Amino acid sequence: CKSCPDGYYSESAGAVHCTACATGKTGDSSVDNNVATHCKNCDPGTFTDVEGTLNSCKACPVGYKVNSDRKQCDQCPKGKRQHEEGQTNCVACGNGKYGSEAGLSAETCYSCPAGFFSALSSASTECTACEEGMYSSVTGLHKPDSGTACKSCPDGYYSESAGAVHCTACATGK
């Protein structure tokens, strides 16, 4: 009789074939190959997409997180980012920032431009324009749960388009 190779196991004596450790699991050289516990889950933040491996789990790259069965990495969705390798979750872009693409690292969450703001408390995928009659000259603006992010134009001034960064003085006599 031969022992099963690393990354494979057999649960019964005299077995004709060995069973490969499933994807998402890796062989553990400290555990006997004759039991299913020879195969262990990849550590958090790591994965393997190959059966029958020994200690070969890999870290997910920046912009990705490992999926729940540890068989692959999933790209961070729009509005979220991950700036470290080997992570199990993605982090929302902060207040006043947005992520319009999937798979972002920390450096690619963008600040909302002047005249715009982030409306969600987290994971914004786009910025919202200040309404007509309002403006904002600040970048990275965030609207709190109550209230407004943009300022109203003062008396004698107006903005006639959404996304204004300043107000225009009314013509004399108007």
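Described below are features of the structure shown in this document. Since the model is a prediction, treat every value here as computed from it, not as a measurement.

The helix and strand inventory of the protein chain stands at zero helices and 18 strands. Its C-alpha radius of gyration of 27 Å places the protein chain more than 25% over the 16 Å reference for a compact globule of 174 residues. When the backbone C-alpha atoms are referred to their principal axes, the protein chain occupies close to 100 × 25 × 20 Å. For the protein chain, with 174 residues in total, the buried portion stands at 32%. Counted over contacts in the protein chain with a minimum sequence separation of 6, partners at least 24 positions apart contribute 45%.

With that settled, consider the nonpolar core. Among the nonpolar cores identified, the biggest contains six residues, and these are Phe 117, Cys 130, Met 134, Leu 141, Ala 149 and Cys 150. Ignoring anything within four residues of it in the chain, the contact list for Met 134 reads Thr 148, Cys 150, Lys 151, Ser 152, Cys 153, Ser 159 and Ala 164.

Our focus in this paragraph is the state of the cysteines. Should the sulfur atoms of two cysteines be covalently bonded, the bond is a disulfide. Counted under the stated rule, the structure contains nine disulfides. Bridging Cys 112 to Cys 127, the disulfide has an S-S length of 2.0 Å. What sets the handedness of the Cys 112 and Cys 127 disulfide is the S-S torsion sign, and at about -80° it is left-handed. On the criterion of sequence distance, the pair formed by Cys 112 in the loop between β12 (110–111) and β13 (116–117) and Cys 127 in the loop between β13 and β14 (128–129) is long-range, its members being 15 residues apart. Cys 127 shares its class with Cys 112; the two are buried. Covalently, Cys 130 is tied to Cys 150 through a disulfide, its sulfur atoms 2.0 Å apart. Taking the sign of the torsion about the S-S bond as the criterion, the disulfide between Cys 130 and Cys 150, at about -80°, is left-handed. Here the residue Cys 130 occupies a position in the loop between β14 and β15 (134–135), and Cys 150 occupies one in the loop between β15 and β16 (151–152), the gap between them amounting to 20 residues. Considered together, Cys 130 and Cys 150 belong to a single accessibility category, that of buried residues. Cys 170 takes part in no disulfide bond, and the closest cysteine sulfur, belonging to Cys 153, lies 8.8 Å away. A residue is classified by how much of its surface remains accessible, and Cys 170, at 28% relative accessible area, is partly exposed.

Both the distance between ring centres and the angle between the ring planes are used here to describe each pair of aromatic rings. One pass over the full model with this rule turns up one aromatic pair. Look at Tyr 98 and Tyr 110: their rings are 5.6 Å apart centre to centre, the planes differ by 45°, and that puts the pair in the tilted class. Here Tyr 98 is found in strand β11 (residues 97–98), whereas its partner Tyr 110 is found in strand β12, with 12 residues between them in sequence. Accessibility expressed as a relative area gives 31% for Tyr 110, which makes it partly exposed.

For the rest of this paragraph, the subject is the pattern of salt bridges. Oppositely charged side chains can form a pair if their charged atoms are brought close together. Inspection of every chain in the model, using the stated rule, returns one salt bridge. A salt bridge links Asp 49 to Lys 58, with the shortest nitrogen-to-oxygen separation between them at 3.9 Å.

Moving on: the side chain of His 38. Of note, His 38 is situated in the loop between β3 (25–27) and β4 (39–41). At a separation of 3.1 Å, a polar atom in the side chain of His 38 contacts the main-chain amide nitrogen of Gly 7.

Relative to the helices and strands, Arg 81 resides in strand β9 (residues 80–81). Despite its burial, Arg 81 remains without a salt bridge, the nearest opposite charge being carried by Glu 84 at 7.5 Å. Of the polar contacts made by the side chain of Arg 81, one reaches the side chain of His 83; its length is 3.1 Å.

What follows covers the environment of Ser 30. With respect to the helices and strands, Ser 30 occurs in the loop between β3 and β4. Sequence spacing of Ser 30 and Leu 54 is 24 residues, and the spatial spacing of their C-alpha atoms is 11 Å. Within the structure, the side chain of Ser 30 is placed 2.7 Å from the side chain of Asp 28, a separation counted as a polar contact.

Reading the values: rules and limits
Residues numbered from 1 in each chain as written. Predicted model: local features only at pLDDT ≥ 70, side-chain atom pairs only at ≥ 80, totals over all residues. Heavy atoms only, no water. Helix = DSSP H or I, 4+ residues; strand = E, 2+ residues; numbered from the N terminus. Rg over C-alpha atoms; globule rule 2.2 N^0.38 Å. Buried < 20%, exposed > 50% of the residue type's maximum accessible area, 1.4 Å probe, protein only. Contact = heavy atoms within 4.5 Å. Core = buried A, V, L, I, M, F, W, Y, C linked by side-chain atoms within 4.5 Å. Disulfide = S-S within 2.5 Å. Phe/Tyr/Trp six-rings, centres within 6.5 Å; stacked < 30°, edge-to-face > 60°. Salt bridge = Lys/Arg side-chain N within 4 Å of Asp/Glu carboxyl O. Polar contact = N/O pair within 3.5 Å; in protein donor to acceptor, adjacent residues only side chain to side chain. Lys, Arg positive; Asp, Glu negative; His and termini not counted.

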